[in-house]
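Spelled out from the first residue to the last, the chains are:
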Amino acid sequence: ALPRSSDLLGVQAFPEERAVRVALEAPEDGAAIAEAREFVFDGVFPGSSSQEDVFNQVGMPALSECLKGFNSTVLAYGQTGSGKTHSLLHRGRADAGHHDAGLLPRMIGELFDQIVIDSASSYEVAAAAMQVYNEHVDDLLNSDHQSGGGLNLDVRSGGEVPNLTWVRCKRPESLKK
């Protein structure tokens, strides 16, 4: 069971319950500022989790569904500097055998490994990358992104982003650029 709000100040992750609990520090007079809130997710990872843990618990299930023909999305949410880019995109250090690689490089490698194994099926791989920041959607694969292209795209009902750049990929290296 999660601790009572009086036992918790700040933010704590409870991976076993797939929950995060947030509580505000009480003022010196002991009056409660706000009741603690609990948020439940598909997965919650403490800071001690390895990149491999995240891949096994999030990446592989998402990839397995994708290979069955279902769309798959991985979303990283958090404040600036909390490690989203590292967890998602880190390529891994060659001197460490790439064991510290992030979720997407691992998923890309596994995707193409599975495609090679499944010679009975035909696959077409396309990728898009977008960033949602301050309620703006930016196309990270737009060829003019560095000079301001693909910024503040429209999002339609249902989440479709009509002008998002999709890139066809035939080799894992083309996705890892």
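Up top is the structure these notes are about.
Novice: Is there a simple way to think about helix α3 (residues 103–117) in this case?
Specialist: Helical geometry: 3.6 residues make up each α-helical turn, so side chains three or four residues apart lie on a common side. With 15 residues, α3 extends 21 Å between its outermost C-alpha atoms, agreeing within 8% with the 21 Å of an ideal straight helix rising 1.5 Å per residue. Considered for burial, the residues of α3 that qualify are L103, P105, R106, M107, I108, G109, E110, L111 and F112. Contacts made by the buried residues of α3 are with α1 (51–67), α2 (84–89), β4 (125–127), β7 (167–169) and α4 (172–175).

Novice: Looking at this model, I keep getting lost on the environment of L103. Mind explaining?
Specialist: Along the polypeptide, L103 turns up in helix α3. Along the chain, L103 and L89 lie 14 residues apart, while their C-alpha atoms are 6.6 Å from each other. Beyond its immediate sequence surroundings of up to four residues, L103 is in contact with V54, F55, V58, G59, V74, S87 and L88.

Novice: Where do I start with unusual backbone geometry in this structure?
Specialist: For residues that are not glycine, phi is negative in most cases, and the peptide bond is trans in most cases. Phi angles above zero are rare outside glycine, and N134 is one such case at about 50 degrees. Mapped onto the elements, N134 comes out in the loop between β5 (130–133) and β6 (136–139). A positive phi angle, close to 65 degrees, is found at E135, a residue other than glycine. Tracing the backbone through its elements, the reader meets E135 in the loop between β5 and β6. Among the residues examined, E135 registers a relative accessible area of 79% and is labelled exposed.

Novice: How do you make sense of the nonpolar core when you look at a structure like this?
Specialist: Nonpolar side chains in soluble globular proteins tend to end up buried together. Counting residues in each nonpolar core, the largest one holds 14 residues, and the members touching the most others are L103, M107, L111, F112, V125, C169 and L175. Secondary structure elements with two or more residues in this core: α1, α3 and β4. Top element by residues in this core is α3. It accounts for 5 residues. Ignoring anything within four residues of it in the chain, the contact list for M107 reads F55, G59, A62, L63 and V74.

Novice: I'm lost on α1 in this one. Help?
Specialist: Along its length, α1 reaches its greatest deviation from straightness, about 35 degrees, at G59, and the proline P61 lies no more than four positions downstream. Within α1 the residues assigned to the buried category are Q51, V54, F55, G59, A62 and L63. Turning to α1, the residues buried within the fold contact α2 and α3. Residue G69 follows α1 closely and has a positive phi angle near 105 degrees.

Novice: For this particular structure, what's the right way to read the pattern of salt bridges?
Specialist: Under the definition given, this model contains 4 salt bridges. A salt bridge links R171 to E173; the nearest nitrogen and oxygen atoms lie 3.7 Å apart. The class of E173 is partly exposed, set by a relative accessible area of 46%.

Here is what the cut-offs are and how they apply
Residues numbered from 1 in each chain as written. Predicted model: local features only at pLDDT ≥ 70, side-chain atom pairs only at ≥ 80, totals over all residues. Heavy atoms only, no water. Helix = DSSP H or I, 4+ residues; strand = E, 2+ residues; numbered from the N terminus. Expected span 1.5 Å × (residues − 1). Buried < 20%, exposed > 50% of the residue type's maximum accessible area, 1.4 Å probe, protein only. Contact = heavy atoms within 4.5 Å. Core = buried A, V, L, I, M, F, W, Y, C linked by side-chain atoms within 4.5 Å. Bend = angle between axes of the 7 residues up to and from the residue. Salt bridge = Lys/Arg side-chain N within 4 Å of Asp/Glu carboxyl O.

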